[in-house]
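The primary structure of each chain is shown beneath.
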Amino acid sequence: MIGMGIYLGRKNKNAAQFTTASGSIPGWAIGLSIFGTYLSSNTFLGVPGKAFGGNWSAFVFSLSIPIAAIIAARYFVPFFRRTGEVSAYEHLEKRFGSWARIYSVICFLLTQLARTGTIFLGVGITLHALTGFDMRLIILVTGIVVTVYTVLGGMEAVIWTEVVQSIIKTLGALIVLLLVIGNIPGGISEIIKIGSEAHKFSLGSLKPDFTTETFWVILLFGIFVNLTNFGIDQNYVQRYHTAPSEKEAAKSLWISVYLYIPVSLLFFIIGSCLYVYYTGHPEMLTEVKRQVAITRLGSVSDMQIQQLANKLTVSEVGDKVMPNFIVNKVPSGVVGLIFAAILSAAMGTISSGFNSCATIYLVDIHQRYINPYLSSNQSLKILYTGTIIIGIMSTVTGIAMIGIKSIIDIWWQLIGIFSGGMLGLFLLGIMTKDTKSKQALIAVLIGSLVILWMTFSVYLPQNLSQFKNFLHTQMTIVVGTLMIFTIGLIISKVSDYKLTINESGKKY
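Calculation criteria
- Residues numbered from 1 in each chain as written.
- Predicted model: local features only at pLDDT ≥ 70, side-chain atom pairs only at ≥ 80, totals over all residues.
- Heavy atoms only, no water.
- Salt bridge = Lys/Arg side-chain N within 4 Å of Asp/Glu carboxyl O.
- Helix = DSSP H or I, 4+ residues; strand = E, 2+ residues; numbered from the N terminus.
- Buried < 20%, exposed > 50% of the residue type's maximum accessible area, 1.4 Å probe, protein only.
- Expected span 1.5 Å × (residues − 1).
- Axes fitted to C-alpha atoms, helices over the stretch in contact; angles between N-to-C directions.
- Parallel < 35°, antiparallel > 145°, perpendicular 65-115°, else oblique.
- Left-handed = near helix turned anticlockwise from the far one by under 90°.
- Contact = heavy atoms within 4.5 Å.

Caption draft 1: Fine view of the pattern of salt bridges. Counted under the stated rule, the structure contains ten salt bridges. In this structure, the salt-bridge partner of Lys 193 is Glu 197, at a minimum N-O distance of 3.4 Å. With a gap of four residues between them, Lys 193 and Glu 197 both fall in helix H10 (residues 187–197), about one helical turn apart. With a relative accessible area of 53%, Glu 197 lands in the exposed category. Between Lys 251 and Glu 248 there is a salt bridge whose closest N-O contact spans 3.9 Å. With Lys 251 and Glu 248 both in helix H13 (residues 246–279) and three residues apart, the pair spans about one turn of that helix. Via salt bridges that share partners, Glu 93, Arg 101, Asp 364 and Arg 368 belong to a single interconnected network.

Encoded structure:
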């Protein structure tokens, strides 16, 4: 990866080449790159973990992607290609003022810290199980490697390395699946039998219940998160500009969708197969629980470790079962390929995040508020510096997250907090013509308060239980987005009505 960064980095003579590869990347490569961004180590570990501890309900998230892609290909891609703005948030300042741009930039940067932190954590968990090395050391070394090749290669290195990484990680997943099936007596028929009895293939309850993780909750969550990805996430918007035409940009979007749905299903199948395998090997599941207890408690007595291990449920150890299986059941040599696949799953998403964060800093902060008259060399130096800084911050975030229960759950919670306000503001900007800056600001403030209440009210004491959020945490981004859009729309309509009455000379 560092070698590819050095080779591809020869073309980086200006900021446009570093941030958009000067619009020279074919659509199929961008599509593989977007697919690679979706298929992070969160997918590689978190998805089998969710299927192991529960069922396939989280697969509904994947099924929601085509809905978001239809909207994005029809409206978002043409919009950003038409504006020509490399930043996803520059138009928000033109629409609502500088506060809107600053707000969205802050939310995006926090989202990226959360995303890259959880991905680093996934790498640390897996490679710790495979090698025995300290998780902090693994995260640190991975952070250095990704930062170096992202700095050296820019967006072109990000995209082409993700093309390679996408192939490696998909191949790695297929090998894991074949090895798990091969280690289960009775094979596929036994997997279907035990999995069906345990309801492992269920897509969740179809009841219209939004307080638990039902089919409808995840579907709504998926639509809104994927609209956020395709519409306001700099990782994706920046790639639209790397394509030579709008048609190629839209094509890349659909390639990523066509690839991600079957491959994500592959990981759910792996999780269900692992459940069947560990059901037949309870001693290995006991060992996994003990390892998790040691990670959480550190240097304590053996009795305390065992007490915690006995209390842990299968859902709390789901992220750890695949690394444990790889260590114990995968032949030497093949482990190396899977090792590379897991690293690839992490590095692709992280590198694109680093590049997009550096781009946002240059365009939305430095050129906007510090020095708008930068030379090509100055712009490149700032992009290099920004990449290094976000690399350090993300690595530290990953280390700080060591010990959390579920990678997927924590990531979904964090994205609900940071992305709800961004998407609501973005939709308000492109779907309404009359909403003014103050009206949008009021809507964002109210919506942000609702998002914070939905997120943190669960920690209220029992005597204040009536003030707790009763909806599932994944509804945070849905409610937050709709709240901002609806309030902004209502306020603007009321204001227009009052203005019309006033101009007619009547009292109001």
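Caption draft 2: Spotlight on helix H11 (residues 215–232). Over its 18 residues, H11 runs 25 Å from end to end, which matches the ideal 26 Å to within 8%, given 1.5 Å per residue. Where burial is concerned, most of H11 is hidden: 16 out of the 18 residues are buried.

Caption draft 3: Region of interest: the packing of helix H9 (residues 135–182) against helix H18 (residues 376–400). Viewed as axis vectors pointing N to C, H9 and H18 meet at an angle of 160°, and their least axial separation amounts to 9 Å. As the angle between them shows, H9 and H18 are arranged roughly antiparallel. When the axes of H9 and H18 are compared, the crossing they make is right-handed. The residues of H18 that touch H9, namely those facing Arg 136, Ile 139, Leu 140, Gly 143, Thr 147, Thr 150 and Val 151, are Tyr 384, Thr 387, Ile 388, Gly 391, Thr 395, Gly 398 and Ile 399.

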